[in-house]
Amino acid sequence: MDASKFYIVIVDDTMRKDDPFVVELQLNYADVANIEFFSSVDKAMSFVEQHMSKRMIIFMDCKFGSVWQGVDAIKDLRKQTSLIYVVMMSANNVNQLAPSDIAALINMDNIFFIKNTDTDGAIDYVNRIRILWKSRFDCILEHWLVRHPEDADKVAFTEVSGKTYTWEEILSELRLQTPAGKAMEQVVNEYYLYEFTTE
């Protein structure tokens, strides 16, 4: 896989790989993204867990013909990370969801909602998210490592316990939102705040 590419994961049990929605995203982003299609929420979430350390946008159908629904999958994902952007999709109005599910989605970070036929909306969200990535530390670090692979194995962070992390490991820790990743992000933010306020 090209390390500079991100993932677009489409999960919908009523679509096929040749659905206009899928094809439109492939036509617009094949040069910058790996586009993965799943009709099963279980298989999709297994893929997401295996690739969670990568930049990713998930287009997730709200309702599936299984016990595990799209909303449930995203609730589980948010227990692990809030850095993956999710666009919830439905053929129906958002009011089809239970009020508790609507409230849960509203209270989660980086969640959007479109009709599953709205290709223009999908393209708009992908473009907006790509702009947001330009200011996120994990994405800036990833871009740096693509341009400077010789730095990937250099020690970047040492915990009080003495455990060390390379830049490549820190990128993974940031995306997985582990304590080490959060600590590194806090240190970087505090450093730059200090630098800007002491000039």
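Relevant structure appears above.
Right, let's walk through the structure included here. (Residues numbered from 1 in each chain as written. Predicted model: local features only at pLDDT ≥ 70, side-chain atom pairs only at ≥ 80, totals over all residues. Heavy atoms only, no water.)

1. Observations regarding the pattern of salt bridges
In step 1: Counted by the stated rule, this structure contains eight salt bridges.
In step 2: The partner of Asp138 in a salt bridge is Arg175, with the nearest N and O atoms 2.4 Å apart. Taken as a pair, Asp138 in helix α6 (residues 137–147) and Arg175 in helix α7 (residues 167–176) lie far apart in primary sequence, 37 residues in all.
In step 3: Look at the salt bridges and you will find they share partners, linking Arg55, Arg136, Asp138, Glu142 and Arg175 into a network. (Salt bridge = Lys/Arg side-chain N within 4 Å of Asp/Glu carboxyl O. Helix = DSSP H or I, 4+ residues; strand = E, 2+ residues; numbered from the N terminus.)

2. A short note on the sheet that holds strand β3 (residues 56–61)
Paired through their backbone hydrogen bonds, the strands of a sheet run either parallel or antiparallel.
In step 1: Strand order across the open sheet formed by five strands is β2-β1-β3-β4-β5, with parallel pairing between neighbours. Looking at which strands have only one partner, the edges of the open sheet turn out to be β2 (33–38) and β5 (111–115). Between one strand and the next, the sheet's axes are offset by a mean angle of 20 degrees, whatever the strand orientation.
In step 2: Against the sheet, helix α2 (residues 41–50) makes contact with β1 (6–11), β2 and β3, and its axis sits at roughly 165 degrees relative to β1, the strand it touches most.
In step 3: Of the strands in this sheet, β3, β4 (85–90) and β5 touch helix α3 (residues 70–80), which is tilted by about 170 degrees from β4. (Pairing = 2+ DSSP bridges. Axes fitted to C-alpha atoms, helices over the stretch in contact; angles between N-to-C directions. Contact = heavy atoms within 4.5 Å.)

3. Some remarks on the packing of α7 against helix α8 (residues 179–197)
In step 1: Here α7 crosses α8 at 105 degrees, and the two axes come no closer than 7 Å. Compared by their axis directions, α7 and α8 come out roughly perpendicular. Two secondary-structure elements touch here, α7 through Trp167, Ile170, Glu173 and Leu174 and α8 through Ala180, Gly181, Met184 and Glu185.
In step 2: Here the contact of α7 with α8 is built from residues that sort into five nonpolar, one polar and two charged. (Parallel < 35°, antiparallel > 145°, perpendicular 65-115°, else oblique. Nonpolar A, V, L, I, M, F, W, Y, C, P; charged D, E, K, R; others polar.)

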